[in-house]
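Topology and contacts: notes
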Amino acid sequence: MTAALASSALLLTGCVGMDGASDGEAINDSCETVDDVTVVLQWVTQAQFAGYYAAEENGYYADRCLDVTIQEGGTNVVPQQVLASGNAEFAVAHVTKAMVSRAEGADIVNIGQVFERGAYLQVAWADTGIDSLDDIAGTSMGSWGSGNELVLYAALQASGVDPATDVDVVQQPFDMSLLLNREVDSVQAKTYNEYAQLLETVDPDTGELHQEDDFSLINLQDEGFASLEDGIYAADGWLAEEGNEDIAARFLAASYQGWISCRDDADACVQAVLAQGSALGATHQEWMMNEVNALIWPAGDQIGVMDEAAWDQTIDIAIDGEVLAEEPTDGYRTDLTEAALALLAVDGLDTVGADWRRAEVELTEGGA
């Protein structure tokens, strides 16, 4: 389907009028029918997923004749498996994890790449001398597992460090306790979440919050191991059914509009996430929203458009790190995002965000 053809079809079936619904319900009078779909997230409610909550809160899904259920992820929820089993129409997942699942037989395909940049860190205390991937050899290392270790392991393998023999790997909870208690030498973190947890913790020696120079950060992106993270996936078989490509393009358009709103009014998106009952505090969510926006904006092309070179690098890293045996066939498609962007162009929305700049966020103890 070309972008032009998809756009024409969507404008006929998918809610031309933008009524500005604010209660998340499909109340647009131009909807002949409303399509019920579910998107499953990678993790619990937090600003990492603010664009989807904003799309619901601001009525963007309703404007596209969609009634969307946003399902939280968690330690026992693997989004790509939920998607492949037919229990959701869309899932948010990392490229490496998703393509490992595809190689194992999961019928899933990337239809929109929201995050353009990676956020993986390996963090140590500054006094340990761990400043590079090579330095991790012979140390103890916290690792999340559940597929979250794949990029780290690939980066270590490419750096000549075998996680199976050269490192004492310790199962890491989804917090920074192992590092703060000095039970391991380094831990996994994301720029937008766990790193902030460290900076929200009081240093018992000073009585003040920890400072950035207390820690040594190995940024996998800066080390040449940038891997694409949060993208939107659907099942090939579901997309092949009549009308579902139209639904997918409308879902993408509304979701991208949600992310645009989070770029332009980050505070409102933080409040939308907090209203969902997130356990994380306000300043932590502000930090996260700021850092997540930095992974999306400015968009190299337009939001959701797959960067082929970034995809190839992500796959090459996974293959070199022996987490993928070969390049996946037809792992992503671009036509549905093209159709979604055509819809947003009708509304005159800025899908690039060239003027976006980071904000200054002041963290407080515990991220409250």
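In this text, all values refer to a predicted model and were calculated from it rather than measured experimentally. Residue indices begin from 1 for each chain and proceed along its sequence in written order. Where local features are concerned, this predicted model is filtered to residues with pLDDT of at least 70; where side-chain atom pairs are given and counted, the filter is 80 or more; whole-chain, interface and lining totals use all residues. The basis for every side-chain value is the complete set of heavy atoms in the structure, and neither hydrogens nor water enter the calculation.

**What to know about the state of the cysteines**
Worth spelling out the cut-off: In plain terms, two cysteine sulfur atoms within 2.5 Å form what is called a disulfide here. By the criteria applied, helices consist of DSSP H or I runs no shorter than four residues and strands consist of E runs no shorter than two, each listed in order from the N terminus. Only protein chains enter the area calculation, which uses a 1.4 Å probe; residues under 20% of their type maximum are buried, those over 50% are exposed, and those in between are partly exposed.
Across all of its chains, the model carries two disulfides by this definition. Here Cys31 is linked by a disulfide to Cys65, with a sulfur-sulfur distance of 2.2 Å. The disulfide joining Cys31 to Cys65 has a torsion of about -90 degrees about its S-S bond and is therefore left-handed. With Cys31 in the loop between helix H1 (3-13) and strand S1 (35-40) and Cys65 in the loop between helix H3 (60-63) and strand S2 (66-71), this residue pair connects regions lying 34 residues apart in the sequence. With respect to class, Cys31 is no different from Cys65; both count as buried. Paired by a disulfide, Cys262 and Cys269 hold their sulfur atoms 2.1 Å apart.

**So, helix H12 (residues 282-296)**
Our working rule: The span you would expect from a helix comes to 1.5 Å times its residue count less one.
Helix length check: H12, at 15 residues, gives a terminal C-alpha distance of 21 Å against a target of 21 Å (1.5 Å per residue), a fit within 8%. Counting buried positions along H12 gives 13 out of 15 residues, so the element sits mostly inside the fold.

**Some thoughts on the pattern of salt bridges**
Applicable threshold: By convention in these notes, a salt bridge is any Lys or Arg side-chain nitrogen within 4 Å of a carboxyl oxygen on Asp or Glu.
Per the stated rule, a full pass over the model turns up eleven salt bridges. Where Arg102 meets Asp236, a salt bridge forms, and the shortest distance between an N and an O atom there is 2.9 Å. A residue pair is termed long-range when its members are at least 10 positions apart, and Arg102 in helix H5 (residues 95-103) and Asp236 in helix H9 (residues 236-240) qualify at 134 residues. The class of Arg102 is buried, set by a relative accessible area of 18%. For Asp335, the salt bridge is made with Arg333, and the minimal N-O distance between the two is 2.8 Å. Each member of the salt-bridge network shares a partner with another, and the members are Asp35, Asp246 and Arg250.

**Things to note about the nonpolar core**
The condition is simple: Nonpolar cores were defined as sets of buried Ala, Val, Leu, Ile, Met, Phe, Trp, Tyr and Cys residues, with membership established by side-chain atoms within 4.5 Å.
By size, the foremost hydrophobic cluster in this structure holds 56 residues, and its most contacted members are Tyr52, Phe90, Ile111 and Trp259. Counting residues per element, this core draws most heavily on helix H10 (residues 244-264), at ten residues. The next biggest cluster of nonpolar side chains, apart from the first, holds 20 residues, and it includes Val40, Leu83, Ala93 and Met99.

**Looking at a negative patch on the surface**
We count it as follows: Here the term patch refers to residues with relative accessible area over 30% and no salt bridge, with like charges joined within 9 Å and nonpolar side chains (Val, Leu, Ile, Met, Phe, Trp, Tyr) within 5 Å. Here the open area of atoms and residues is found with the Shrake-Rupley method and a 1.4 Å probe, where only the protein chains shown may cover a residue. His is not counted here, nor are the chain ends, while Lys and Arg score as positive and Asp and Glu score as negative. In this description, the location of a charge corresponds to atom NZ of lysine, CZ of arginine, CG of aspartate or CD of glutamate.
The grouping of Asp301, Asp307, Glu308, Asp312, Asp316, Asp320 and Glu327 at the surface amounts to a negative patch. By the element assignment, Glu327 lies in the loop between helix H13 (308-320) and helix H14 (335-346).

**Description of unusual backbone geometry**
In this chain, Trp297 is followed by Pro298 through a cis amide linkage whose omega measures -10 degrees. You can see Pro298 is positioned in the loop between H12 and H13. Within the chain, Arg182 stands out as a residue other than glycine whose phi angle is a positive 55 degrees. Relative to the elements of secondary structure, Arg182 occurs in the loop between helix H7 (177-180) and strand S8 (186-190). Since its relative accessible area comes to 47%, Arg182 is described here as partly exposed. Even without glycine at this site, Glu322 takes up a positive phi of about 65 degrees. Mapped onto the secondary structure, Glu322 falls in the loop between H13 and H14. Residue Glu322 is classed as exposed on the basis of its relative accessible area, which comes to 66%.

**Observations concerning the packing of helix H11 (residues 266-275) against H12**
Put simply, the rule is: A fitted line through C-alpha atoms serves as each axis, taken over the contacting stretch for helices, and the angle formed by two N-to-C directions is quoted from 0 to 180°. To sort the angles, those under 35 degrees are grouped as roughly parallel, those over 145 as roughly antiparallel, those from 65 to 115 as roughly perpendicular, and the leftovers as oblique. Each crossing gets its hand from how the near helix is turned against the far one by less than a right angle, where anticlockwise is left-handed and clockwise is right-handed. A contact between two residues is defined here by any heavy atoms of the two lying within 4.5 Å.
It is at 10 Å that the axes of H11 and H12 come closest, and there the two elements cross at 125 degrees. Considered as vectors, H11 and H12 are oriented oblique to each other. H11 and H12 meet at a crossing whose hand is right-handed. Together, Ala266, Cys269, Val270, Val273 and Leu274 of H11 and Ala282, Gln285, Glu286, Met289 and Asn293 of H12 make up the contact between the two elements.

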